[in-house]
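Spelled out from the first residue to the last, the chains are:
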Amino acid sequence: MIRKSLLALAIGTSLGLSAPVFAAGSTSSISGVVESQDSTQLTVTAVNPDTGFSRTVSVAADGSYRFAKMETGTYNITIKRGDSVVAEDTLRVTLGSNKQADFNVGAMNAERIEVTGARISAIDLSSTDSGLVLGEAEIDRMPIARNITAVALLAPGVVQGDSGFGNVASFGGASVAENACYINGLEVTDTRQGLGCGAVPFEMYKEFQVKTGGFSAEFGRATGGLVNAVTKSGTNEWQFDFTANWSPSSLQEDGSVSRGMGGTGEIFRDNRNDETDEWDYSVSAAGPIIEDKLFFYALVNPRSVSNDFSYGAVFDEYAATDQMRYRESDGTDNLFWGTKIDWDIVEGHRLSYFAYSDQNDAIEDVYGYDAESQTVEEYQGSYLRKRGGEAQSVTYTGYITDDLSVSAMWGEIETQYETTPTNLDCPTITDQRNVPSAEKAPQCGPGGSFGDNFDENTQYRFDIEYYWGDHLIKAGIDKQDRASTRITRPVGGHSYRYFSLESGSNIQGDMGNLYTNTTGAAQDLVSDRIFDGGGSFESDLTAYYIEDKWQVTPSLMLTIGLRKDLFEGAGTTGKTLFDFDTDIAPRLGFSWDVNGDGESKLYGNYGRYYLPIANNTIYRAASGVSDTTTYYTFDDIDSVSGAPIGATPVNGAVENSQTASSVAAVPTQDTFQAQEADPFSRDEYILGYQFTVNDNLTAEVTGTYREVTSALDDYCGIYAYPYCVMLNPGSDMSWYKDGYYWDGSQLDESKLPLFDGNADEGSLTTHTAQTLQLPEGKNEYTSVQLKLNYIEDNYRVNFQYTWARSVGNFEGAVKSDIDQADAGVTQDFDFPALMDGADGYQPNDRRHTFKLYGSYDVSEDFIVGFNSSLQSGRPLTAFGQGYPSDDANLYGSYGDTYYILTGCSAALSDEGLCAQDDKQYRYSPRGSVGRTPWTFNLDVSAAYMFSYQEVDMRMTLNIFNLLNSQEEMSTNEHYEIEEGTQNPYYGAAYSWQAPRSVRLSFEARY
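Quantities reported herein were computed from a predicted structural model and do not represent experimental measurements.

Focus on the sheet that holds strand β8 (residues 84–93)
Inference 1: Judged by pairing direction, the sheet is antiparallel, and its 4 strands sit side by side in the order β5-β4-β7-β8 without closing on themselves. Looking at the sheet topology across the chains shown, the edges are occupied by β5 (54–58) and β8. If you compare each strand with its neighbour and ignore which way they point, the axes differ by 20° on average.
Inference 2: Sheet topology places strand β4 (residues 42–47) next to β5; 5 bridges connect them, and they run antiparallel. Within the sheet, the bridge partner assigned to T45 lies in β5 and is T56.

This is how it looks when you write it as structure tokens:
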């Protein structure tokens, strides 16, 4: 949001300031032109009155000057000729901004000139990208949830992601796992899956920068969007703050409930008894340790969260809510602390230290739950959930000359994800049979899995910036070492799933049909999935960039940037698993002041962006995980543990009644990465026009087109067995074999003894696109955005409308329609059959989005705010579990298809079977069964400011979802449980808009 402020005006010449331009890390810059008959002996000094920071540069022969890598804040700008002040002004530098401050001192002499006027240009003529900047003052004026996603959603082209992934956002049609986040220049993105970011309390933030497109070359490793934030720092003035926030469950409305069979069946999801009671308070202190030299800021934030919620079983698309969970976290188990220390060593050299801890240990008690009667039943056990971690960084900024500056950063983050059940004896039980509740298998414990689970990310960065005539040249290198440990053990050693297989229906195996029900009636079976293994693994990421911002003419600026990334990973054996050396990625942009009056601009941008392989991919592929599912008949069910009694493999032996999604052998690069494979990349094109309507109103129209130019995913078909191979679908790909050689119809069993985790010598094989039968990866996003920004002294409003279309045959790093969070290794492209029908509108396709937010100052002490959105629904699909062919070249042992079995075109056999060629299917391509409803949300706030004995105070009331709208946000899209067996919960809602809630806040500042 662009805010009004008073600027200097001397002798009829105004000083204009541009709107924010995105820059690297957590700093900004100030530049301009001093018009004078003689620029010799002219100097410009920038002083931050809060910290005493001061820097002086000489005015160049052409009248230009520049301050690089400036911290955000207020600066007094003074122009001197010798020792005499000839002009001065005060300006505010926001995060990532390049403030343009021009002076005219042509008629001035050595006598001091007083500045008396002000004018602001609402058009930023130097930016070629898109996004927004929000400061503490803007956020305090509006009802915004206290998380980074809520801030990102204020930007155009950003939509809420699926709730199955947590509270995350989709930028510009990309999946929710393709974003990046920074705090004080330290990347805090979830390195395991790319889902979410580390965060600090809102009281600690100073400003946010949301980048929705057109990133400069210094930013990378994201193909969606970026959120960049800086925290508060100490100044020469002592300041103490106390803040308390309370979201009481008693002021939260009841949630919704959904039923199967089109609303007439059993309850599927039940949020009626879900409650969240949350309170936190923070105490902060900031000030000088040594005045004008050394400053500190520190905050402590105890938090208490009580979250009661219903829960479904592991295979939640086929099973109803059957648990009630109570999660509690408070005291020292949920205590945040953070600090920032800044040391101005000598003039022009600053060292900063930033650190925080957001460790959160919670106890989650699990009870049985009868949704129909809303009865909480017997206690089943508990989990200890460990989340959050610790982070720290050290940053150096040095101004070597007036034109040359450098910065360097070291940082590290440790994050934990461990969940440990108190009961390790009872296996996980899921019963999907259509039988009365009393006949279903019991669950004697919470189930799940356990094992070590944490990440460590060490980062290094060096940047240089040189101002040469009309060119601002930047270059740098950054490196990250991402180390992970994850070990998974199934609780009780097993995970049982009871289900019914219709007569004549089959279970698909790794190499064709595994089992067919020939009993002539529906058959109850049980599967036992054992997912076991893990260890330590890592990825190393390195990037180099160079960029030139060239002011070609006073009205035309060009941005020319190049970036190169290196991605390398290793599994638990320490051997290289993948090694990608990307092409040089261009980042090109222009900004043209069409009329030369600063009242409008035409701008554009083209960039290529690469996404690294998430560490979760290494875990799934190269950490020694064995993932097998064995199918059994059974005689009975243990009344206590829920385990099957008299279990017999369906084909007589475990070996031929089993499928393997992964093996314990750890592959090497030769067997995991196709020789021709390129990393995941996305191209982006932006064209926009911004203009001033009047002194208070600006308008902007922006068109964006994004396209995945290189889809990297895992192929797990028969030619890759028993591994999965990372490749670019739709192209010829080559890789080495390890004991398994498939000729299109059968395995060469003579070579099976060669299987040992290493590539067989001389086994490099090229598989044509026709052989693999995978389509080329397709993902396209097109949008047109209209933005209106109206500002008066006491009234601010921002309106946005986005028309967008997101189409293709895969969403990106994750898969929202089935909530699969395995970044980069979803079921997409695993087998050709899973892509037959995949082309269509994507789950994050929101055709129409309206956003309207702002605030109004009723008086100096009373402010009201609002934040509203209106959005069209997302596409829906009906997934099946069968396919018209059981050819092992096309279809593997798992995955959701776009075919639903409807009948048999010929007479059944004596065993009641339908031949595969006679089966009839309904083709149900992606997004072909409608959309979720439109959703409207309105949040409101009111804040009252007052003082008592020199202490400034504020009381705030925030009401979220004022109208208590609870439309469906996502539904069950699985039409079948097994081939021919309809899922009774198909079409039932998974999630809704969050019910109305209230947050009460109090702040005291001294």
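Describing the confidence of the model for the protein
Inference 1: With 95% of its residues at a pLDDT of 70 or more, the protein has an overall mean of 90.
Inference 2: Below a pLDDT of 50 lies the segment residues 1–24, which in the model reaches 98 contacts outside its immediate sequence neighbourhood of four places, other chains included.
Inference 3: Note that pLDDT drops below 50 for residues 107–120; the model gives that stretch 39 contacts with residues more than four away or on any other chain.

Details of the UniProt feature "domain: TonB-dependent receptor plug" (unreviewed entry) in the protein
Inference 1: The feature "domain: TonB-dependent receptor plug" (unreviewed entry), as given by UniProt, occupies residues 133–225 in the numbering adopted here.
Inference 2: Helix makes up 11% of residues 133–225 and strand makes up 26%, while its end C-alpha atoms are separated by 14 Å.

Here we look at the packing of aromatic side chains
Inference 1: Counted by the stated rule, this structure contains 40 aromatic pairs.
Inference 2: Here Y689 and F691 contribute two aromatic rings whose centre-to-centre distance is 5.6 Å and whose plane-to-plane angle is 25°, an arrangement assigned as stacked.
Inference 3: Between the aromatic rings of F810 and F829, the centroid separation amounts to 5.5 Å while the plane-to-plane angle is 70°, which identifies the pairing as edge-to-face. Placement of F810 in the loop between β55 (795–808) and β56 (840–841) and of F829 in the loop between β55 and β56 is noted, with a sequence separation of 19 residues between them.
Inference 4: Among the aromatic side chains, those forming a connected cluster through ring pairs are Y883, Y891, Y899, Y921 and Y923.
Inference 5: Here the guanidinium or amino end of K601 rests over the ring plane of Y603, the centre of that ring lying 4.7 Å away.
Inference 6: The aromatic ring of Y841 is capped on one face by R847, whose charged end is 4.7 Å from the ring centroid.

Definitions and cut-offs
- Residues numbered from 1 in each chain as written.
- Predicted model: local features only at pLDDT ≥ 70, side-chain atom pairs only at ≥ 80, totals over all residues.
- Heavy atoms only, no water.
- Pairing = 2+ DSSP bridges.
- Helix = DSSP H or I, 4+ residues; strand = E, 2+ residues; numbered from the N terminus.
- Axes fitted to C-alpha atoms, helices over the stretch in contact; angles between N-to-C directions.
- pLDDT = per-residue confidence, 0-100.
- Contact = heavy atoms within 4.5 Å.
- UniProt positions renumbered as here; feature names shortened; annotations may be inferred.
- Phe/Tyr/Trp six-rings, centres within 6.5 Å; stacked < 30°, edge-to-face > 60°.
- Lys NZ or Arg CZ within 6 Å of the ring centre and 35° of its normal.

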